[in-house]
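As a plain string of letters, each chain reads:
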Number of protein chains: 2
Amino acid sequence: MPDGLTPEDVRCTNISTVVTALTTAALPRHRVRATRDSGRRTRSALLDAAAELFGEHGLAGVSLAGIAARADAFPSQVTYYFGSKEALFVEAASREVLHLASRVEAAGSRARSHAAYARALTRVALGSPAMLAFAEAMLLARHRPELSPLVTRTLDRLHAEGARAVRARCREMGWPLRGSGEDVARHFWAAVLGLVLERAASGESFDARAAQAAILATLGIDHAPARTASRRT
Amino acid sequence: MPDGLTPEDVRCTNISTVVTALTTAALPRHRVRATRDSGRRTRSALLDAAAELFGEHGLAGVSLAGIAARADAFPSQVTYYFGSKEALFVEAASREVLHLASRVEAAGSRARSHAAYARALTRVALGSPAMLAFAEAMLLARHRPELSPLVTRTLDRLHAEGARAVRARCREMGWPLRGSGEDVARHFWAAVLGLVLERAASGESFDARAAQAAILATLGIDHAPARTASRRT
């Protein structure tokens, strides 16, 4: 393995990391580290800028040059690190949806009753724009096979981490789990995905109460309005 | 009300119907009818052609001229009847998803057990490309407010007809209904929507068994694989 290329880099499926490591393999060790660290910072700054701009203007409303300018980088660095605007969009959307999953889990870990747990997960998941951007990434991946593996990996992680979290929390608190952790997690995120799309398309006429009821049901809570929840748990 | 303009036309929110009726109001009655019938046929042929072509090539891969050619019409007739390619896409996708809902209901009406009912609904809903096209229409409507009312009306109809169908069938057969008909229908279609998106993005790695379990759960059937279904109902 060339100097400067760690097993982590080899496992990492993002080819630019491997390319950076391979091309810096002939440099002295301290310069390799500096180059790699700088590359990671640029990459991360580009992802941050992309997430902000895509969130504000959508995929079509953002240019590579605009993302580079916001990240204090060159447009050529976007194509170097990500390949295309669409690939950057999918990577930013995947990162954001996994961040959302962490926030959903954190909100659930503070709830003291099963109904409060389900409501916290639902509130945080529906409150974020991340799933809608991820829906757009999924539609994009359909016609761009090279973008599909990242979307699939993100979905797998979303389901696996959701399954682990819901199993652990329900076991810890003695709450019933309807189905396996995997099925509950997959069902929860599919419902969130469908409902954020409905909300995006319907705007003001979206029925938030009914949407909440649909998601609560995936977590085994049928029709638990806030005021009666304490009696049901 | 001008001659040739029926209350149905006035209620109809598609402005081109009203425009056709108003502009033909001065013609003799038999010519009005011929013009209107011919307009409806052209409109319907354009929708059929659009549904086929969009299904084969996606929104971006189809031109107005291509749709017009397939329907034996002029490109200007597409803009006359629908306004834009995107509006035609949303109308075709809305029509297809309501057709899908009818097929789902018909499949359910032949099932003799609750588990078979849930499996029939799930199989037909996940087997069709209509919901994926409708997901694209929903994302389109987000940035095109003029397209949003049709998407919202389609969703309302999907939920209302689903609620009526599931309530009637469960009452007729004495099957339990988890939640109100409205919630079950909304929940079912949201899960279908989320899962067809996942399948589109994941391709071959999509876990069809887990997806089916997620949808079955919306209909109150937890983990009913085909081979044990008869014992559970």
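(A) View of the overall build of chain A. What chain A contains, in helices and strands, is twelve helices and zero strands. In chain A, the order of α-helices and β-strands from amino to carboxyl end is α-α-α-α-α-α-α-α-α-α-α-α. Put simply, of all contacts in chain A between residues at least 6 apart along the chain, 65% involve residues at least 24 apart.

(B) Here's a closer look at the packing of helix α8 (residues 130-143) of chain A against helix α10 (residues 181-202) of chain A. All names here are of chain A. Relative to each other, α8 and α10 sit at 95°, their axes nearing to 9 Å. The angle between α8 and α10 falls in the class roughly perpendicular. Contacts from Met131, Leu132, Ala135 and Met138 in α8 reach Trp189, Val192, Leu193, Val196, Leu197 and Ala200 in α10. Taken together, the residues of the contact of α8 with α10 sort by class into ten nonpolar, no polar and no charged.

(C) Spatial organisation of the environment of Val78 of chain A. Residues and elements named next belong to chain A. For Val78, the position within the fold is in helix α5 (residues 75-82). Placed 31 residues apart in sequence, Val78 and Leu47 show a C-alpha to C-alpha distance of 9.4 Å. Among residues more than four places away in sequence, those in contact with Val78 are Leu46, Leu64, Ala68, Gly83 and Leu88.

(D) Looking closely at the nonpolar core. Of all hydrophobic cores here, the largest spans 144 residues; its most connected members are Trp189 of chain A together with Trp189 of chain B. Excluding anything up to four places from it in sequence, Trp189 of chain B contacts Leu100, Ala101, Val104, Ala125, Met131, Leu158 and His159 of chain B.

(E) Here's a closer look at the relation of the copies chain B and chain A. Screw-axis analysis of chain B against chain A gives a translation of 0.0 Å along the axis, an RMSD of 0.0 Å, and a rotation angle of 180°. The superposition of one copy onto the other is thereby described by a two-fold rotation axis. Most of the interface of chain B is mirrored in chain A, where 100% of its interface residues are also at the interface.

(F) Geometry of the confidence of the model for chain A. All names here are of chain A. Across chain A, pLDDT averages 82, with 80% of residues at or above 70. Per-residue pLDDT, averaged within each element of chain A, yields its smallest value for helix α12 (residues 229-232) (36) and its largest for helix α6 (residues 85-109) (96). The low-confidence segment residues 1-23, where pLDDT is below 50, has 34 contacts with residues more than four positions distant or belonging to other chains. Predicted confidence is poor over residues 224-233, with pLDDT under 50, and the contacts of this stretch with residues over four places away or in other chains come to twelve contacts.

(G) Broad picture of the interface of chain B and chain A. Taken together, the 41 residues of chain B in the interface contact 41 residues of chain A. Here chain B meets chain A over a buried area of about 3300 Å², counting both sides, of which 63% is carbon and sulfur. At the boundary of chain B and chain A, one finds six salt bridges. Here chain B is connected to chain A by five residue pairs in polar contact (both at pLDDT 80 or more). Sorting the residues of the side of chain B that touches chain A by element identifies α8 (130-143), α9 (148-173), α10 (181-202) and α11 (208-218) of chain B as the ones contributing at least two each. Looking at which element gives the most residues to the side of chain B that touches chain A, the answer is α10 of chain B, with 13 residues.

(H) Summary view of the packing of helix α6 (residues 85-109) of chain B against α9 of chain B. Residue and element names in this part refer to chain B. In contact at an axis separation of 10 Å, α6 and α9 are set at 5° when each is read in the N-to-C sense. Looking at the two axes, α6 sits roughly parallel to α9. On α9, the residues touching Val90, Glu91, Ser94, Val97, Leu98, Ala101, Glu105, Gly108 and Ser109 of α6 are Leu150, Val151, Thr154, Arg157, Leu158, Arg164, Ala165 and Arg169. Grouping the amino acids of the contact of α6 with α9 by side-chain chemistry returns eight nonpolar, four polar and five charged.

(I) Just unusual backbone geometry, in detail. Residues and elements named next belong to chain A. Here Asp72, not a glycine, exhibits a phi torsion of approximately 60°, which is positive. Tracing the backbone shows Asp72 in the loop between α4 (64-70) and α5. Here Asp72 falls in the exposed class, since its relative accessible area comes to 74%.

(J) Region of interest: α8 of chain A. Counted at 1.5 Å a residue, the expected span for α8 of chain A with its 14 residues is 20 Å, and the 21 Å between its end C-alpha atoms agrees. Residues Ala130, Met131, Leu132, Phe134, Ala135, Glu136, Ala137, Met138, Leu139, Leu140 and Ala141 of chain A constitute the buried set of α8 of chain A. Where α8 of chain A is buried, its residues contact α6, α9 (148-173) and α10 of chain A together with α8 and α10 of chain B.

(K) Expanded view of the packing of aromatic side chains. Residues and elements named next belong to chain A. A complete count under the given rule lists eight aromatic pairs over all chains for this structure. Consider the rings of Tyr80 and Tyr81, whose centres lie 4.9 Å apart with planes at 80°: the pair is edge-to-face. Classification of Tyr80 by relative accessible area gives partly exposed; the value is 43%. Take Tyr81: its relative accessible area is 11%, and that puts it in the buried class.

Rules of the game
Residues numbered from 1 in each chain as written. Chains lettered and ligands numbered in written order. Predicted model: local features only at pLDDT ≥ 70, side-chain atom pairs only at ≥ 80, totals over all residues. Heavy atoms only, no water. Helix = DSSP H or I, 4+ residues; strand = E, 2+ residues; numbered from the N terminus. Contact = heavy atoms within 4.5 Å. Axes fitted to C-alpha atoms, helices over the stretch in contact; angles between N-to-C directions. Parallel < 35°, antiparallel > 145°, perpendicular 65-115°, else oblique. Nonpolar A, V, L, I, M, F, W, Y, C, P; charged D, E, K, R; others polar. Core = buried A, V, L, I, M, F, W, Y, C linked by side-chain atoms within 4.5 Å. Buried < 20%, exposed > 50% of the residue type's maximum accessible area, 1.4 Å probe, protein only. Least-squares fit on C-alpha atoms with pLDDT ≥ 70 in both. pLDDT = per-residue confidence, 0-100. Buried area = accessible area lost by both parts, 1.4 Å probe. Salt bridge = Lys/Arg side-chain N within 4 Å of Asp/Glu carboxyl O. Polar contact = N/O pair within 3.5 Å; in protein donor to acceptor, adjacent residues only side chain to side chain. Expected span 1.5 Å × (residues − 1). Phe/Tyr/Trp six-rings, centres within 6.5 Å; stacked < 30°, edge-to-face > 60°.

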